[in-house]
Amino acid sequence: MDTVVDIQVVTGTGENVETGNEERNPQASEQQQLHQINRAFHAFRQVEQACSRFSPESELMKASRQIGEPVQISSFLFEPLKLALHMAQLTSGVFDPTVGKRLEQHGFNRHYLTRQYMNSSVVESADYRDIILDEVHQTMTLLKPLVIDLGAVAKGFAIDLAAHELQRFAGFVVNAGGDLYAGGRDEHGEPWKIGIQHPVNRNEVICTLELSNAAICTSGGYERRSATTEGVHHLIHPVTGHSPKEWVSSSIIAPYAMMADIFSTAVMLLSKEEGQQLIQQANVQSILITPDIELVREGVH
């Protein structure tokens, strides 16, 4: 996922360490504690192996080679894809998980570890309506060759799975490159204090908020820019092929990380009015930053 994953856990006695700690159960052994933390980290590996478009051996890429036939897929792929298609319907295709080919065309097709390029042979146009999911049999059918990108949901999904593994701790934070879920309370018994990065001055925090049993995910055009196309970053409108400029940053606070993750991306792609309307309809909180570095808050005090 091209990100550093950091997990902090808190015991009921007020301790806070990054590598493991006692669970709420005082009889729990250190081995059990480390087992739960390892399971949380493993969730990220499982989701990446299922959802990556950068590895030809991922479940997504293998399933995408079969056109016109239903392919049974695991829950690690089915669930994020299902949410991505739902958001595509909500936004009438402005958010579209089949944007992968456009991302490739702008140079976003290099594996962060191997440095190898993924170049698909897809030539015909396709959109989210060319993906059919069968919830009863948990299958995916592609009506056309296409490139699916789940970058707006996979990390959030992995964070949620990891958070589920850590529920027995008094408090915890799963932080994947600034997208995170904060469970319980910190070592002082207070809500976790979370800072949002300044979009221009990267070493600064532009604002701080308190979270407990909630997620916050941020999308912005300042982290990953195209090396081949001027003015284009990794958030691309699927129809125009351009990157939006309404906001430089969109942070969404929601009950689950996958929800916060996908809404933060959708808001960046929509017009200013449509994005704010989507936030209100979903009843989530947001901190949006304009190109003039003005903060626009919705439901956040």
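To keep things clear, this report deals only with the structure shown in the data block. (Residues numbered from 1 in each chain as written. Predicted model: local features only at pLDDT ≥ 70, side-chain atom pairs only at ≥ 80, totals over all residues. Heavy atoms only, no water.)

1. Quick notes on the sheet that holds strand E3 (residues 71-72)
Right, on to step 1. Taken in spatial order, the 3 strands line up as E3-E5-E4 in an open sheet, and their pairing is antiparallel. Edge positions in the open sheet fall to E3 and strand E4 (131-134), since each of these has one partner strand only.
Right, on to step 2. Where E3 lies against strand E5 (residues 139-142), 2 bridges are found, and the strand directions are antiparallel. The residue bridging Val 71 from the neighbouring strand is Met 140, located in E5.
Right, on to step 3. Each of E4 and E5 touches helix H3 (residues 75-90); the most contacted strand, E4, lies at about 125° to it. (Pairing = 2+ DSSP bridges. Helix = DSSP H or I, 4+ residues; strand = E, 2+ residues; numbered from the N terminus. Contact = heavy atoms within 4.5 Å. Axes fitted to C-alpha atoms, helices over the stretch in contact; angles between N-to-C directions.)

2. Observations regarding the packing of aromatic side chains
Right, on to step 1. Tallying each qualifying case throughout the model produces 1 aromatic pair.
Right, on to step 2. Here the aromatic rings of Phe 172 and Tyr 181 are separated by 6.0 Å at their centres, their planes lie at 20°, and the arrangement is stacked. Both residues of the pair, Phe 172 and Tyr 181, belong to the buried class.
Right, on to step 3. One Lys or Arg, Lys 272, reaches over the ring of Trp 247 and ends 5.2 Å from the middle of that ring. (Phe/Tyr/Trp six-rings, centres within 6.5 Å; stacked < 30°, edge-to-face > 60°. Buried < 20%, exposed > 50% of the residue type's maximum accessible area, 1.4 Å probe, protein only. Lys NZ or Arg CZ within 6 Å of the ring centre and 35° of its normal.)

3. Describing unusual backbone geometry
Right, on to step 1. Despite not being glycine, Ser 92 shows a phi value in the positive range, around 55°.
Right, on to step 2. Inspection of the secondary structure assignment puts Ser 92 in the loop between H3 and helix H4 (100-105).
Right, on to step 3. Residue classification places Ser 92 among the exposed residues on the basis of a relative accessible area of 62%.
Right, on to step 4. In this structure, Asn 283 takes a positive phi of about 60° despite not being glycine.
Right, on to step 5. Within the secondary structure, Asn 283 sits in the loop between helix H7 (272-282) and strand E12 (285-289).

4. A look at helix H5 (residues 154-165)
Right, on to step 1. Taking 1.5 Å of rise per residue, 12 residues should cover 16 Å, and H5 covers 17 Å from first to last C-alpha, within 8% of that figure.
Right, on to step 2. Within H5, 10 of the 12 residues are buried, which leaves it mostly tucked inside the rest of the structure.
Right, on to step 3. Within H5, burial applies to Ala 154, Lys 155, Gly 156, Phe 157, Ala 158, Ile 159, Asp 160, Ala 162, Ala 163 and Glu 165.
Right, on to step 4. Tucked inside the fold, the buried residues of H5 contact helix H1 (30-51), H3, strand E6 (171-176), strand E7 (179-184) and helix H6 (257-269). (Expected span 1.5 Å × (residues − 1).)

5. So, the packing of H1 against H5
Right, on to step 1. Put simply, H1 and H5 touch, their axes get as near as 8 Å, and they point 155° apart. It follows from the interaxial angle that H1 and H5 lie roughly antiparallel. Relative to H5, H1 is oriented so that their crossing is right-handed. Contacts between H1 and H5 involve Gln 36, Arg 39, Ala 40, Ala 43, Phe 44, Val 47 and Cys 51 on the former and, on the latter, Ala 154, Lys 155, Phe 157, Ala 158, Ile 159, Leu 161, Ala 162 and Glu 165. (Parallel < 35°, antiparallel > 145°, perpendicular 65-115°, else oblique. Left-handed = near helix turned anticlockwise from the far one by under 90°.)

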